[in-house]
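Notes for the structure review
Chain by chain, the residues run as shown.
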Amino acid sequence: MEQSLTIKQFTLLIFTFTIGSSLLIAPAMVSVEANQDAWISMAIATGCGLLLNGVWLFLLSKYHYLSIYSVVEKVCGKWIGTILNLLLVFYSSYICALVVRDISDFLITYMIEETHPWLSQSMILLLVVYSASKGLTNIGRVNEFMTPLLVFAFLGGTALLLDKIDLSNLQPVLEQGWSPVWKGTYAPIGFPFLEVLVLSALITYVKPTKKVVRSFFVGLFFAGVILIIAVIAAIGEEGAFMIQRYTFPTYTVMRDISIGRVFERTEVFFGLLFMVGIFVKITICFLVGCHGLQHISKRSNYHAILIPLAVWIWAMSNFLNENIVEVIYFASTVWTLVAFTMYVIIVCILLWGIGRKKHQQKVSIRSK
């Protein structure tokens, strides 16, 4: 079981993790507050995401990109460190559960309407368990192959919609001033940009480390560009008023692709490729949880953890929120506060360790 990533694989993982489920949901979430100025909100959120993630990445570099689980235990000690690491495991598991619920609801709504959601969730998690059992390198290789297809599908679909996009739907710019724009920025800062923090558990496996920072920012920046394009295309094609009423607006607008009544009903193809990004995000969050539990239990591998963690995530995805409306409401109103709280905790731990010179001590604890 290999646990290593090349710089290219890490860049693509950052990119795919960021767009993940947000590519389908973000246009609706942002336009609820910012209306036709949602693309400005997404651009500001991208800038904020680059800045905020740059802070913890810089601090983690002082620890030579040690796994965040090892850093927390090293700085806070065994008992407090274990409690905080369990909190990190819960955080990554909860993100995983939310995204599992997203993809399940997406499938039930548009593709397999008569299938019970528990069945779709179970099949997704079984595939995630299998992928995680093969190691991080395997996930990096699969994502390296699939990401260009995902980008090609999205940009190709957007190009086919150009004749239907009316830029007047994006006007007037700043009709109600900056207040709605700032409100629209709130949700995407937490979902997806602050969620990238969970990759601090896996960044230690990236080689060579001297190119990690550039790789990270390249992946995050281009993910932000794709999300901005998604918002512009969705609002330009349907208008902000309609986009706010769609659960998965990016997929919905792909239904309008039509070339001479021959090339039609292609949204299923695009939906399947969008699911690749969602699957990668679920698997990465799942793997982060596995590494955390492995570190806490001091096991040589995480194979015995795979099934119990999958069952736990399945339970959370079904019982923490009753339906997709609650999931989206939680993601757009509460989740940014939760993600920012976790961000502050991690940054404070990193700063405290640097203040106590812990980052200069010999590394003795490292997640395997």
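Residues numbered from 1 in each chain as written. Predicted model: local features only at pLDDT ≥ 70, side-chain atom pairs only at ≥ 80, totals over all residues. Heavy atoms only, no water.

1. What to know about the overall build of the protein chain
To keep things clear, this is the line we draw: A run of H or I in DSSP counts as a helix once it spans at least four residues, and a run of E counts as a strand once it spans at least two, with each numbered from the N terminus. Burial classification: accessible surface area is computed with a 1.4 Å probe over protein chains only, and a residue below 20% of its type maximum counts as buried, one above 50% as exposed, and the rest as partly exposed. The contact criterion used throughout is that any non-hydrogen atoms of two residues lie within 4.5 Å.
Helix and strand content of the protein chain: 15 helices and two strands. Across its three principal axes, the protein chain shows a C-alpha extent of roughly 65 × 45 × 35 Å. Going through the 368 residues of the protein chain one by one, you find that 58% of them count as buried. The contacts in the protein chain between residues at least 6 apart in sequence include a share of 85% that link residues at least 24 apart.

2. Let's talk about a nonpolar patch on the surface
Selection rule: Like charges are joined within 9 Å and nonpolar side chains (Val, Leu, Ile, Met, Phe, Trp, Tyr) within 5 Å, but only among residues with over 30% relative accessible area and no salt bridge; these make up the patches. Computed by Shrake-Rupley with a 1.4 Å probe, the accessible areas treat only the displayed protein chains as cover when residues are assessed. Think of a salt bridge as a Lys or Arg side-chain nitrogen and an Asp or Glu carboxyl oxygen that are within 4 Å of each other.
On the surface, Leu-119, Met-123 and Leu-126 cluster together into a nonpolar patch covering about 310 Å² of accessible area. You can see Met-123 is positioned in helix α6 (residues 117-133). Looking at Met-123, the relative accessible area reads 52%, which means it is exposed.

3. Some details on the packing of aromatic side chains
The cut-off we apply is this: Working definition: rings of Phe, Tyr and Trp (its six-membered ring) pair if their centres are within 6.5 Å, and the pair is stacked with planes under 30 degrees apart, edge-to-face with planes over 60 apart, and tilted otherwise. By definition here, charges over rings are those cases where NZ of Lys or CZ of Arg is within 6 Å of the ring centre and within 35 degrees of the ring normal.
On inspection of all chains with the given rule, the structure shows 17 aromatic pairs. Considering the side-chain rings of Trp-118 and Trp-314, the 5.1 Å spacing of their centres and the 75° angle between planes classify their relative orientation as edge-to-face. Taken together, the positions of Trp-118 in helix α6 and Trp-314 in helix α13 (residues 306-319) put the pair 196 residues apart, joining distant regions of the chain. Each ring, one from Phe-340 and one from Tyr-343, has its centre 5.9 Å from the other, and the planes form 25°; the classification is stacked. With Phe-340 and Tyr-343 both in helix α15 (residues 335-355), this residue pair falls three residues apart, about one helical turn. For Phe-340, a relative accessible area of 38% puts it in the partly exposed group. Under the relative-accessibility criterion, Tyr-343 is labelled buried at 6%. Counting every residue linked through ring pairs, the aromatic cluster contains Phe-90, Tyr-91, Tyr-94, Trp-312, Phe-330 and Trp-335. One Lys or Arg, Lys-78, reaches over the ring of Trp-79 and ends 5.4 Å from the middle of that ring.

4. A look at the nonpolar core
The condition is simple: Among buried residues, the Ala, Val, Leu, Ile, Met, Phe, Trp, Tyr and Cys ones that are joined through side-chain atoms within 4.5 Å form a nonpolar core.
In terms of nonpolar packing, the biggest core is built from 128 residues, with Trp-56, Ile-282, Ile-284, Phe-286, Ile-313, Trp-335 and Leu-350 touching the most fellow members. If sequence neighbours within four positions are ignored, Trp-56 has contacts with Val-196, Leu-197, Ser-200, Phe-216, Tyr-343, Val-347 and Leu-350.

5. Some points on the confidence of the model for the protein chain
Convention followed: The pLDDT value tells you how sure the predictor is about a given residue, anywhere from 0 up to 100.
Summarising the model, the protein chain shows a mean pLDDT of 89, and 95% of its residues fall at 70 or more. Looking across the protein chain, the model is least confident in helix α14 (residues 324-333), with a mean pLDDT of 80, and most confident in helix α3 (residues 38-61), with 96. Counting interchain partners and residues more than four positions distant, the pLDDT-below-50 stretch residues 363-368 has 18 contacts.

6. Focus on the side chain of Ser-131
Along the chain, Ser-131 turns up in helix α6. Look at Ser-131 and you get buried, because its relative accessible area is 9%. Ser-131 has contacts with Asn-138, Ile-139, Phe-279 and Thr-283, leaving out every residue within four places of it along the chain.

7. Things to note about the packing of helix α2 (residues 22-34) against helix α9 (residues 212-238)
The test is simple: In this analysis, axes come from line fits to C-alpha atoms, helices being fitted only over the stretch in contact, and the angle between any two N-to-C directions falls in the range 0 to 180 degrees. Oblique is the label for any angle not under 35 degrees, not over 145, and not in the 65 to 115 range, which are roughly parallel, roughly antiparallel and roughly perpendicular in turn. Each crossing is labelled by how the near helix is turned from the far one, with a counterclockwise turn of less than a right angle marking it left-handed and a clockwise turn marking it right-handed. Polar here means any residue other than Ala, Val, Leu, Ile, Met, Phe, Trp, Tyr, Cys and Pro, which are nonpolar, and Asp, Glu, Lys and Arg, which are charged; Gly is therefore polar.
Two elements in contact, α2 and α9, have axes separated by 9 Å at closest approach and are oriented at 60°. The orientation of α2 with respect to α9, classified from their angle, is oblique. The interaxial crossing formed by α2 with α9 has right-handed handedness. Note on element contacts: α9 touches α2 through Ile-226, Leu-227, Ala-230, Val-231, Ala-234 and Ile-235, opposite Ser-22, Leu-23, Pro-27 and Ser-31. Its residues assigned to classes, the contact of α2 with α9 shows eight nonpolar, two polar and no charged.

8. Quick look at the packing of α3 against helix α8 (residues 179-190)
Between α3 and α8, whose axes approach to 8 Å, the crossing angle comes to 50°. When the interaxial angle is binned, α3 and α8 end up oblique. Relative to α8, the crossing made by α3 is right-handed. Only Pro-180, Val-181, Trp-182, Gly-184, Thr-185, Pro-188 and Ile-189 of α8 make contact with α3, whose side of the interface consists of Ile-40, Ser-41, Met-42, Ile-44, Ala-45, Cys-48 and Leu-52. A class-by-class count of the residues in the contact of α3 with α8 yields 11 nonpolar, three polar and no charged.

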